[in-house]
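Coordinate inspection notes
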Amino acid sequence: MDFQAVVLTQDDARVTQARLQTVSTDQLPDGDVQVAVSHSTLNYKDGLAMLGRNGVVRAFPMVPGIDLAGTVVESRSDRFKPGDAVLLNGWGVGEVHWGGLAQQARVKADWLQAIPSPFSALDAMSLGTAGYTAMLSVMALQDWGLQPGDGPVLVTGANGGVGTVAISLLHGLGFEVHASTGRPQEADYLKALGASQIVDRSELNAPAKPLQKERWAGAVDCVGSHTLANVCGSLKYGGAVAACGLAQGLDLPASVAPFILRGVALLGIDSVYAPRAKRERAWERLARELKPAQLAGNTRVIGLGEAIDTAHALMAGQVRGRVVVDTAR
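Heads up: these notes are all about the structure in this document.

In this section: the packing of aromatic side chains. Summed over the entire model, instances satisfying the criterion amount to 2 aromatic pairs. Seen in terms of ring centroids, W91 and Y273 are 5.9 Å apart; in terms of plane orientation they differ by 70 degrees. Their pairing is edge-to-face. Of this pair, W91 sits in the loop between strand 5 (85-89) and strand 6 (104-107) while Y273 sits in the loop between strand 13 (265-268) and helix 7 (276-289); the two residues are 182 residues apart in sequence, bridging distant segments of the chain. Centre to centre, the rings of Y132 and W283 are 6.5 Å apart; their planes meet at 15 degrees, and the pair counts as stacked. Here the residue Y132 occupies a position in helix 2 (residues 121-144), and W283 occupies one in helix 7, the gap between them amounting to 151 residues. Note on Y132: relative accessible area 0%, which makes it buried. Taking the ring centre of Y189 as reference, the NZ or CZ of R320 above it sits at 3.8 Å.

As a further point, take the packing of helix 2 against helix 7. Between helix 2 and helix 7, the shortest axis-to-axis distance is 9 Å and the interhelical angle comes to 105 degrees. On the basis of their axis angle, the class for helix 2 and helix 7 is roughly perpendicular. Contact with helix 2, carried on its side by A124, L127, G128, G131, Y132, M135, L136, M139, Q142 and D143, involves K278, R279, R281, A282, W283, R285, L286 and E289 of helix 7 and no other residues of that element. When its residues are assigned to classes, the contact of helix 2 with helix 7 shows 9 nonpolar, 3 polar and 6 charged.

On to the pattern of salt bridges, then. On inspection of all chains with the given rule, the structure shows 11 salt bridges. Residue D110 pairs with R276 through a salt bridge whose shortest N-O separation is 3.5 Å. One end of the pair, D110, is in the loop between strand 6 and strand 7 (112-114); the other, R276, is in helix 7, with 166 residues separating them in the sequence. Across the pair E214 and R262 runs a salt bridge, and its minimum N-O distance is 3.7 Å. Residue E214 is found in the loop between strand 10 (195-200) and strand 11 (216-221), and its partner R262 is found in the loop between helix 6 (257-261) and strand 13; the two are separated by 48 residues along the sequence. For E214, a relative accessible area of 38% corresponds to the partly exposed category.

This part covers the side chain of T164. By the secondary structure assignment, T164 is in helix 3 (residues 161-172). T164 gets classed as buried once you look at its relative accessible area, which sits at 0%. Of note is the side chain of T164, whose polar atom sits 2.9 Å from the backbone oxygen of G160. If sequence neighbours within four positions are ignored, T164 has contacts with A158, N159, Y189, L193, N298 and G321.

Parameters at a glance
Residues numbered from 1 in each chain as written. Predicted model: local features only at pLDDT ≥ 70, side-chain atom pairs only at ≥ 80, totals over all residues. Heavy atoms only, no water. Phe/Tyr/Trp six-rings, centres within 6.5 Å; stacked < 30°, edge-to-face > 60°. Helix = DSSP H or I, 4+ residues; strand = E, 2+ residues; numbered from the N terminus. Buried < 20%, exposed > 50% of the residue type's maximum accessible area, 1.4 Å probe, protein only. Lys NZ or Arg CZ within 6 Å of the ring centre and 35° of its normal. Axes fitted to C-alpha atoms, helices over the stretch in contact; angles between N-to-C directions. Parallel < 35°, antiparallel > 145°, perpendicular 65-115°, else oblique. Contact = heavy atoms within 4.5 Å. Nonpolar A, V, L, I, M, F, W, Y, C, P; charged D, E, K, R; others polar. Salt bridge = Lys/Arg side-chain N within 4 Å of Asp/Glu carboxyl O. Polar contact = N/O pair within 3.5 Å; in protein donor to acceptor, adjacent residues only side chain to side chain.

Below you can see the structure in the form of structure tokens.
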């Protein structure tokens, strides 16, 4: 059986090429469940992979796409049967194992989970890894003990997929949300999601002083580097930041001062290899706390043939919110 897929190859000069190609199911990697993929997404990591940056892809040829949702076609696992609606986030797909930007995928059963009711495959991918990561971040802050009365919560990289969902979730839970962005023209959009105050990213993306004015009780940081260092130095006593991204960089040029003088916490968020119980808890909460109408307003749907051009726009900072890929278009 032939199907369409975005395929990444690398030439002798280690230049990555992304092309939409016809692929046979005989070429799919090993796995005990085959899924007819109806929807996937475009995330920041997918953009890195498709543009050949940061060594995201570790084997070629590769089908990118760290998310997928669809219907089980074949299964050698007792957990799933043909016809089951499933989703997948992370587990190295799109990096070391063929991913979701294709009409078919073959994966391990342990990587899959049922799409929670009342979500459709489109709803699930309107969130994807970005929404799931935002939920993991909010859960980490709540597990730390953060409550709405403690003070405002900052979201950095607010126009991205994680940031936009984090704003909606925090606002829905009763938190005062501040949104940091380098796109002031998007202020009305961010306020419509639930942000009460817009912070220009220039306030946070330069080298940080060890301790600064206490501004936020908590934060969801999608940026890393100097931004994360500035956030740590600006947290209120006993505050916490959930670190889940690296849009500015992998480095953390920070001081221990906020941690030993203000008792703040840096909470690491791993969405790729999080255990099943945590994943299911996150997705159950997403299905309970976000309505399909909220997702639609934050989502753009494209066809598989548009994925490559859209990845370039994403990495150029020209995309806001979530991008869902309908593999049938």
